[in-house]
Amino acid sequence: MNDNHFGLAATVRLKEITSSARNRALLHRIKNNDPSLADLGIVHDHLDEFEYDDFDFIFREGDDLSWLGHFIGGNKTLKSLYLWDLGGRDGEQIKRFFIGIQRNKSIKEVYFVDGILNDGFAVMNLPHVTTITCEHQPGCDNAHYFALGLRRCKSLKEYYGLTTAEIVASLSTLPKLEHIRIYSDQRLRRDECVALRELLSNTNQLKDLNLQCMGLEDEGLELLAEGFAHNSSLTDVLNLANNNIGDRGVQALALSLERNESLRHVDLSNENFGALRYNNNIGDKGVGALAESLVHNAALRVLSVSGNTSITGTGVRAISRILQSHKSGLEKLYLDRINLGDDGGKILAGALSINTSLVYLSLCSGSIGDDGLRALAAGLSRNSTLHELDFSGNAALTAAGLHSLKRYFRSPSCALKNLFIFDINLGDEGAYALAIVLRQNKSLQRLKFHARGITSKGWKAFLILLCDKSSPNRLYLSNHTLIELGEWFHDGSAPTIVGNWLGINKRSQNRNFAAKSKILHFFPDLDMVPLFQWDLKFIPLVNSWFRTISSSNVDFAAVIRNRELTAIYKFVSGLPLLVVDGFKCSVTQQRQRIRAKICELEEGFVL
């Protein structure tokens with residue numbers, strides 16, 4: 001079946017093939033390659049007018065899908081196409097629509113949303129599309145039509161959507177497919193798991209497989225593991241979160257991954273949102289087998305086993321072996337909501353003290369108490385790579401435990417930038433402890449926590465941390481690195497004055513500029529007497545010091561120039577004789593050089 005509209009395209013009247021002025025205007029933009037039209041939605045008439053977007057073609061009686069497909073096929077500016085309930089239309093019209101758009105080379109993303117599929121999808125041919133998202137409910141009767149069309153999408157790199165065994169079989173024929181994200185209202189059936197096994201066994205380009213919340217269970221994962229054993233292309237993400245997987249399934253997976261040295265991201269977690277139907281229940285045996293298979297994988301960057309509450313210190317010890325491996329390149333580790341406890345904290349501490357790759361560690365709701373935190377602080381004091389740490393939800397922590405972080409934060413190797421301690425009752429004592437441990441820290445930028453229980457006394461401790469105005473020296477030694485403090489979002493939890501000094505830290509180019517700004521704010525008349533020992537050599541330094549402030553912080557730019565002149569005047573007026581003597585000395589030295597030159601010339605003349 002061919003597009004037979006070419007001969008009539010020049011003379012067809014848009015009014016005759018559209019149902020409204022809105023659709024005519026949109027079709028005119030498509031026909032004339034309007035560069036501002038990058039997205040196009042084809043939707044059915046079921047909403048109020050104000051609920052539609054400007055790029056929505058509202059399909060009603062009188063709109064011709066075949067002509068719409070023809071003009072889309074010739075368009076050169078469209079990038080994305082959204083098709084709402086397209087399967088609810090006549091199958092013959094759908095066929096002509098797909099025949100029309102197959103000429104298009106600019107559209108790279110197509111979204112099928114809502115409705116059912118029909119026989120019109122059998123002729124779907126999208127040779128230049130790289131991403132397809134299918135949110136249709138395929139149904140047993142019509143899914144094969146979509147599967148037939150999918151086989152012609154030879155440039156497809158990413159597929160996200162509902163599936164059947166036949167759709168998976170079609171995906172396995174696509175030579176460029178790299179990313180698959182499958183989701184369904186029902187758990188994967190055995191025939192679909194078998195199809196995925198065959199896809200994994202035969203593909204040589206798939207990099208990313210996301211089967212989150214698909215209810216694989218141990219039996220399904222054992223089938224997939226047979227495919228993983230023969231796959232060498234899976235390098236990016238393997239997401240098996242929330243799948244009713246236990247130790248048996250993970251042990252099969254671990255065995256299949258023993259030879260894989262390229263997988264970068266493994267997710268076996270239970271996401272903690274909503275009422276999910278499928279929950280993994282992995283214990284020490286499963287995580288131990290997994291760790292053993294991944295310990296030599298130098299490519300592994302992300303590992304998550306969060307929410308598997310059967311994991312205890314024994315499983316944590318197995319995971320710590322990955323951190324201790326000299327081959328380890330692990331950068332992110334998620335151990336949220338497992339039975340970590342103080343013993344698990346002590347086990348991790350030893351591994352963290354020698355690890356040189358981890359940048360993110362999440363230990364949320366891990367039943368860690370003060371003893372566990374002390375051990376972690378001791379281990380982290382020798383760590384120089386960790387940038388982000390999340391202790392949220394460990395409600396047993398007290399101010400005494402937080403105070404133990406002093407050893408870590410004052411370590412010269414500390415590189416931590418973000419610390420999250422939500423869902424912990426800090427109170428004023430916790431605020432005091434945090435303010436003390438951060439006094440000499442030069443790395444932390446964000447300290448996030450729930451502010452409930454902190455009164456003006458606790459906030460005063462943070463204020464002194466940021467700006468101790470008792471003397472210029474103490475002000476210079478204050479914290480000039482923190483830029484966020486308190487709740488996730490700005491909600492007035494921190495007093496305005498604390499927020500102001502955080503803003504100074506944030507707007508300054510570096511901590512030295514922030515320190516200078518604070519000093520000039522509280523000490524406009526600097527004492528010059530201690531600087532007399534530098535003689536006149538200090539004048540250029542004073543000038544440069546003020547210049548950097550003037551150029552880096554607009555808040556004080558208007559008054560900095562006056563303070564610069566005042567400081568120089570006070571310095572020079574304090575050494576009047578030195579200035580005069582300096583001038584006389586300079587003149588005398590110049591005369592001596594001239595006389596020496598004359599003598600040298602006279603001696604040469606006599607010779």
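Residues numbered from 1 in each chain as written. Predicted model: local features only at pLDDT ≥ 70, side-chain atom pairs only at ≥ 80, totals over all residues. Heavy atoms only, no water.

Asks: Residues and numbers for the overall build of the protein, please.
Replies: A count of helices and strands for the protein gives 23 helices and 17 strands. The long-range fraction of contacts in the protein, counting pairs at least 24 apart against all pairs at least 6 apart in sequence, stands at 76%. With the model as given, the accessible surface of the protein reaches about 28,500 Å², and the carbon-plus-sulfur share is 51%. (Helix = DSSP H or I, 4+ residues; strand = E, 2+ residues; numbered from the N terminus. Contact = heavy atoms within 4.5 Å. Areas by Shrake-Rupley, 256 points an atom, 1.4 Å probe, with all protein chains shown as cover.)

Asks: Describe the packing of aromatic side chains, and please don't skip the residues or the numbers.
Replies: Throughout the structure, instances matching the rule amount to 15 aromatic pairs. Residues Tyr82 and Tyr111 carry aromatic rings whose centres are separated by 4.6 Å and whose planes lie at 5° to one another, so their mutual orientation is stacked. Residue Tyr82 is located in strand E3 (residues 80-84), and its partner Tyr111 is located in strand E4 (residues 109-113); the two are separated by 29 residues in the primary sequence. For Tyr82, a relative accessible area of 23% translates into the label partly exposed. (Phe/Tyr/Trp six-rings, centres within 6.5 Å; stacked < 30°, edge-to-face > 60°. Buried < 20%, exposed > 50% of the residue type's maximum accessible area, 1.4 Å probe, protein only.)

Asks: Break down the side chain of Ser381 for me, citing the residues and quoting the values.
Replies: Residue position: Ser381 is located in the loop between helix H13 (370-380) and strand E14 (388-390). Judged by relative accessible area, which is 11%, Ser381 ranks as buried. In terms of polar contacts, Ser381 uses its side chain to reach the backbone carbonyl oxygen of Ala378, at 2.5 Å. Apart from the residues lying within four places of it in its own chain, the contact partners of Ser381 are Arg407, Tyr408, Ser411 and Ser413. (Polar contact = N/O pair within 3.5 Å; in protein donor to acceptor, adjacent residues only side chain to side chain.)

Asks: Requested: an account of the packing of helix H2 (residues 21-31) against helix H3 (residues 65-74), with residues and values cited.
Replies: The interhelical angle for the contact between H2 and H3, taken along N-to-C directions, is 35°, at an axis separation of 8 Å. Along the contact surface, H2 presents Leu27, Ile30 and Lys31, while H3 presents Leu68, Phe71 and Ile72. For the contact of H2 with H3, the residue count by class is 5 nonpolar, no polar and 1 charged. (Axes fitted to C-alpha atoms, helices over the stretch in contact; angles between N-to-C directions. Nonpolar A, V, L, I, M, F, W, Y, C, P; charged D, E, K, R; others polar.)

Asks: Account for the pairing of strand E1 (residues 39-44), naming residues and giving values.
Replies: For E1, the buried fraction is high: 5 of the 6 residues fall into the buried class. Taken together, the 4 bridges between E1 and E3 define a ladder with parallel strand orientation. From the neighbouring strand, Ile42 faces E3, where its bridge partner is Leu83. (Pairing = 2+ DSSP bridges.)

Asks: Could you give an account of the side chain of Ser328, with specific residues and numbers?
Replies: Looking at the secondary structure, you find Ser328 in the loop between helix H11 (313-324) and strand E12 (332-334). There is a polar contact of 3.3 Å between the side chain of Ser328 and the backbone nitrogen of Leu330.

Asks: A description of helix H19 (residues 496-507) should follow, citing residues and the corresponding values.
Replies: The end-to-end C-alpha distance of H19, which contains 12 residues, comes to 16 Å, matching closely the 16 Å that a straight helix rising 1.5 Å per residue would cover. Those residues of H19 lying buried are Val498, Trp501, Leu502, Gly503, Ile504 and Asn505. Packed against the buried residues of H19 are helix H17 (456-466), strand E17 (484-486) and helix H20 (511-522). (Expected span 1.5 Å × (residues − 1).)

Asks: Go over the environment of Tyr82 with me, naming the residues and quoting the values.
Replies: For the pair Tyr82 and Phe112, spaced 30 residues apart in sequence, the C-alpha separation works out to 6.3 Å. Setting aside residues no more than four positions away along its own chain, Tyr82 makes contact with Asp39, Leu40, Gly41, Ile42 and Tyr111.

Asks: Can you explain the pairing of strand E6 (residues 158-161)? Please cite residues and give values.
Replies: Of the two faces of E6, the one holding Tyr159 and Gly161 is buried and the one holding Glu158 and Tyr160 is not buried anywhere. Pairing geometry for strand E5 (residues 131-134) and E6, over 4 bridges, is parallel. Residue Thr131 lies in a different strand from E6, and its bridge partner there is Glu158. In this structure, E6 lies alongside strand E7 (residues 179-182), joined through 4 bridges in parallel fashion. The residue of E7 that forms the bridge with Tyr160 is Arg181. After leaving E6, the chain enters helix H6 (residues 165-171) and then returns to the sheet as E7, a path that is right-handed. (Right-handed = clockwise from strand over helix to strand, strands pointing away.)

Asks: Describe the nonpolar core, with residues and values.
Replies: In terms of nonpolar packing, the biggest core is built from 148 residues, with Ile72, Phe146 and Leu447 touching the most fellow members. With near-sequence residues (within four places) excluded, Phe146 lies in contact with Phe112, Leu117, Phe121, Met124, Ile132, Cys134, Tyr159 and Ile167. (Core = buried A, V, L, I, M, F, W, Y, C linked by side-chain atoms within 4.5 Å.)

Asks: Lay out the pattern of salt bridges with the relevant residues and their values.
Replies: As enumerated under the stated definition, the model contains 16 salt bridges in all. For Glu16, the salt bridge is made with Arg13, and the minimal N-O distance between the two is 3.9 Å. Residues Glu16 and Arg13 agree in their burial class; the two are exposed. For Arg29, the salt bridge identified is with Asp34, shortest N-O distance 2.7 Å. One network of salt bridges, in which partners are shared, links Arg189, Asp191 and Glu192. (Salt bridge = Lys/Arg side-chain N within 4 Å of Asp/Glu carboxyl O.)

Asks: Residues and numbers for the environment of Ala165, please.
Replies: Structurally, the position occupied by Ala165 is in helix H6. Sequence separation of Ala165 and Glu192 is 27 residues, and the distance between their C-alpha atoms is 4.4 Å. Among all residues touching Ala165, those that are not within four sequence positions of it are Asp191, Glu192 and Ala195.

Asks: Describe the packing of helix H12 (residues 341-352) against H13, naming the residues involved and giving the relevant values.
Replies: Relative orientation of the contacting elements H12 and H13 amounts to 0°, with a least axis distance of 8 Å. The pairing of H12 with H13 is recorded here as roughly parallel in orientation. Each of Asp342, Gly345, Lys346, Leu348, Ala349 and Leu352 in H12 lies in contact with H13, whose residues at this interface are Asp370, Asp371, Gly372, Ala375, Leu376, Gly379 and Leu380. Split into classes, the residues belonging to the contact of H12 with H13 amount to 6 nonpolar, 3 polar and 4 charged. (Parallel < 35°, antiparallel > 145°, perpendicular 65-115°, else oblique.)

Asks: Break down unusual backbone geometry for me, with residues and values.
Replies: With phi around 65°, Glu217 is a residue other than glycine that occupies positive phi space. Within the secondary structure layout, Glu217 lies in helix H8 (residues 217-228). Notably, Asn244 is not glycine yet its phi reads approximately 60°, a positive angle. By secondary structure assignment, the location of Asn244 is in the loop between strand E9 (237-239) and helix H9 (247-256).

Asks: For the environment of Met124, give the residues involved together with the corresponding values.
Replies: Mapped onto the fold, Met124 is located in the loop between E4 and E5. On the basis of relative accessibility, which here comes to 0%, the residue Met124 falls in the buried class. With 26 residues separating them along the chain, Met124 and Leu150 place their C-alpha atoms 7.0 Å apart. Beyond its immediate sequence surroundings of up to four residues, Met124 is in contact with Phe98, Phe112, Phe146, Gly149, Leu150, Arg152 and Cys153.

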